[in-house]
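If you want the building blocks of each chain, they are given just below.
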Amino acid sequence: DHQLPNCCQFFTSARWTLKCISSRTGKSARKWMQILGTEIGRDMIHRDIWVHRVADRVLAAKAHYAIVPDGRFHNERTGIKAYAGDDVEVFNIRIHRSSVPVVLDHVSEAEVAAMPPEMFDAYVQNDDGLDALQKIAGGIAQRIAALHAR
């Protein structure tokens, strides 16, 4: 059973005001997300906390498809499908922007950076503006619709 204890359910559904926390601590919102997600969530509560959280939400929605953008760890890429079961098609999407430098100062950044594009169902190069991104999203939606038509 992959249900998390009540304290973990609270942790994963809490609303954090990262901008406020960041301005008071001097740490960026990204740094706080890394701390909360990895050091507290994965390391202190449960390695699969985010896998369980997403899988629980997918199952509760009775969804047949789940799009997972930018899973940072190998277990996030593979675990959601394992927990959600065969009735759910999981699409792992990697989003990359050349204009945003990859900073490998955290384990989550290093692991996802080491994953080759072919490890994802779609690799989105997000460098050409909103119109291009909408076309890419439309193509992904068509792939999902084609699966549904089978």
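Now for a description of the structure that goes with this document. (Residues numbered from 1 in each chain as written. Predicted model: local features only at pLDDT ≥ 70, side-chain atom pairs only at ≥ 80, totals over all residues. Heavy atoms only, no water.)

**Points about the sheet that holds strand 3 (residues 122–125)**
- Ordered by their spatial adjacency, three strands build an open sheet running 1-2-3, and the pairing between neighbours is parallel. Of all the strands in the sheet, the pair left with one neighbour each is strand 1 (65–69) and strand 3. Each adjacent strand pair in this sheet contributes to an overall mean axis angle of 25°, direction not counted.
- Relative to strand 3, strand 2 (residues 89–96) runs parallel, the two sharing four bridges. Its bridge partner lying in strand 3, Arg 94 is registered against Tyr 123.
- Strand contacts of helix 7 (residues 129–149): strand 1, strand 2 and strand 3, with the helix running at about 165° to strand 3, the strand carrying the most contacts. (Pairing = 2+ DSSP bridges. Helix = DSSP H or I, 4+ residues; strand = E, 2+ residues; numbered from the N terminus. Axes fitted to C-alpha atoms, helices over the stretch in contact; angles between N-to-C directions. Contact = heavy atoms within 4.5 Å.)

**Some points on the side chain of Arg 77**
- Along the chain, Arg 77 turns up in helix 5 (residues 74–84).
- We note that Arg 77 is buried and unpaired, the nearest opposite charge coming from Asp 121 at a distance of 6.0 Å.
- Apart from the residues lying within four places of it in its own chain, the contact partners of Arg 77 are Asn 92, Met 115, Met 119 and Phe 120. (Buried < 20%, exposed > 50% of the residue type's maximum accessible area, 1.4 Å probe, protein only. Lys, Arg positive; Asp, Glu negative; His and termini not counted. Salt bridge = Lys/Arg side-chain N within 4 Å of Asp/Glu carboxyl O.)

**A closer look at the layout of surface pockets**
- A volume near 270 Å³ is recorded for the second largest pocket.
- Around the second largest pocket sit 14 residues that line it, and Arg 30, Arg 94, Val 100, Pro 101 and Glu 109 are the ones nearest its centre.
- Going through the elements one at a time, strand 2 and helix 6 (107–114) are the ones with two or more residues in the lining of the second largest pocket.
- Within the lining of the second largest pocket, the residues separate by chemical class into seven nonpolar, one polar and six charged. (1 Å grid on protein atoms, 1.4 Å probe; cavity = no way out; pocket = protein on both sides within 12 Å on 5 of 7 lines; lining within 4 Å. Points joined across faces, edges and corners; volume = space filled by probe spheres on them. Nonpolar A, V, L, I, M, F, W, Y, C, P; charged D, E, K, R; others polar.)

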